[in-house]
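Analysis of the macromolecular model
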Amino acid sequence: MMEIQVKQEVSETSPLTGLLAHLAPGPLVSWGLLEVVGLFPVSTELERSRARFLPPMRSLEVVGSPSYGTLVLRNQAEDGVLVLPMHIAFFQPGVQNHATSRVLVLDAGETLTVDDCFCIQQRQGGTPRQAQQRFCMLPLGLRRAALELQGVRDFSRLWTAITAYSRRYGIDYSGHLERWLRPNFARLLPYRHALEWLPGQVGAAFFLAGKLVGLEVAPNSAYWQELLPVLLIYCYGPAALLAERQQRTASRPTFELEGLRDLDDLQQRLYEARRQERRLHLEQICSVATLHKQARSQEEHAGLRVLSINHGEWLGQAVCSGSEVVYLSLFRSEL
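Now for a look at the structure at hand. (Residues numbered from 1 in each chain as written. Predicted model: local features only at pLDDT ≥ 70, side-chain atom pairs only at ≥ 80, totals over all residues. Heavy atoms only, no water.)

What to know about the overall build of the chain
What counts here: Think of it this way: any DSSP run of H or I at least four residues long counts as a helix, any run of E at least two long counts as a strand, and we number them from the N terminus. Exposed residues in this analysis have more than 50% of their type's maximum accessible area, buried residues have under 20%, and partly exposed residues fall in between, with area computed by a 1.4 Å probe over protein chains only. Each accessible area value is a Shrake-Rupley result obtained with a 1.4 Å probe; residue values ignore everything except the protein chains displayed when judging cover.
Within the chain one finds eight helices and 17 strands. Counting all 335 residues of the chain, 53% fall into the buried class. Accessible surface, the chain: about 14,900 Å² in total, of which carbon and sulfur atoms supply 49%.

As structure tokens, then:
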């Protein structure tokens, strides 16, 4: 039933522009204070043209770490480009957990040494070992600090931000991100199941209590299917828990019951209220999508351009192939 609804709404909605060109919004779904509008290609040709971009989980190998704050990563595929999402983190038992500070691009078979990573487990010794492993992601509340500290070669530089982040939840775990994640994981997992991937989906707009807080776009649907659970559990889920702690209220459609004639009238009023809610969400999406005008080229690799965006409350990175955005992670820094 959900798949039918997606197809109907996408076909009735004009394509977006700017950073979200060639995409169209799907239905609004929610779990608690976290709301998601899926993003879908306007044509099947877009999906076919981006088949060379590899899903990150199955293609990435952690080769090792020669020193704290440095990771050696490899694209295991003999064919295809690997765009590693911004701010991914690696947890291994008995060693110092690490996270990246920016988006990374690896060509087919390429091994890349990244020397501006973060240690996110302040008092733990040991460096990551070789492994083909799944990754998690820094929470939304840490992404501004992480992005602003990219390029700085000091493995301990995120510990102050991690300490401040945990204190917002009423606890103090110093620079240990895992000490916050472990006891809260059971509360985060439902976001993955309630807001799951839909066929053809390549991205999403994330809202907290009706306020747009993030735009995420992947090169293709296979990539997004791997990335979405990570975003929900580790990035946007924690922000939703903090919003609950702050007693923020959900934005829900309201409608007038006075003069209600019958069930058909009730259904029509409910439809109009939901349509108004959807319009307000789409207005926010369209406004932020214009930030392509603020993008600045950061580097080029494997025929792709990495762009940075820093404008007002919004920060993030995009990866472009020619004039097309194939990866986007844009977030609101003040929640």
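Anyway, onward from the coordinates.
Side note on the sheet that holds strand β12 (residues 203-208)
Put simply, the rule reads: Pairing between two strands is assigned when DSSP locates at least 2 bridges connecting them. Angles shown run from 0 to 180 degrees and are taken between the N-to-C directions of axes, each axis being a line fitted to C-alpha atoms and, for helices, limited to the stretch in contact. Any two residues having at least one pair of non-hydrogen atoms within 4.5 Å are treated as being in contact.
An order of β1-β2-β12-β13-β17-β16-β15-β14 is seen for the eight strands of this open sheet, with the pairing classed as antiparallel. Strand pairing shows two members of the sheet lacking a second neighbour, β1 (23-31) and β14 (296-301), which therefore form its edges. Across the sheet, the axes of successive neighbouring strands diverge by a mean angle of 20°, strand direction being ignored. Of the strands in this sheet, β2 (34-41), β12, β13 (211-217) and β17 (324-332) are in contact with helix α7 (residues 221-245), which crosses β12 at around 10°.

Topic: the pairing of β14
As paired strands, β14 and strand β15 (residues 304-311) are joined by five bridges and run antiparallel to one another. Each residue of the ladder has a partner; that of Ser297, found in β15, is Leu307.

Observations concerning the sheet that holds strand β10 (residues 118-119)
What the four strands build is an open sheet, ordered β10-β7-β6-β11; its pairing is antiparallel. In this open sheet, the two strands that pair with only one neighbour each are β10 and β11 (136-137). Across two bridges, the pairing between strand β6 (residues 88-90) and strand β7 (residues 98-99) is antiparallel. Residue pairing across strands places Phe90 opposite His98, the latter belonging to β7.

Things to note about the pattern of salt bridges
Any two side chains of opposite charge can pair if their charged atoms end up close together. For clarity, the threshold we go by: Just to be clear on terms, a salt bridge is a Lys or Arg side-chain nitrogen sitting within 4 Å of an Asp or Glu carboxyl oxygen.
What the rule picks out here adds up to 13 salt bridges. Among the ionic pairs, Asp116 bridges to Arg102, the shortest N-O distance being 2.9 Å. Here the residue Asp116 occupies a position in the loop between β9 (111-114) and β10, and Arg102 occupies one in the loop between β7 and β8 (104-106), the gap between them amounting to 14 residues. Taken as a pair, Asp116 and Arg102 share a single burial class, namely buried. Bridged by salt links that share partners, the residues Arg102, Asp116 and Glu299 form one connected network.

What is shown is where atoms sit, not what they do.
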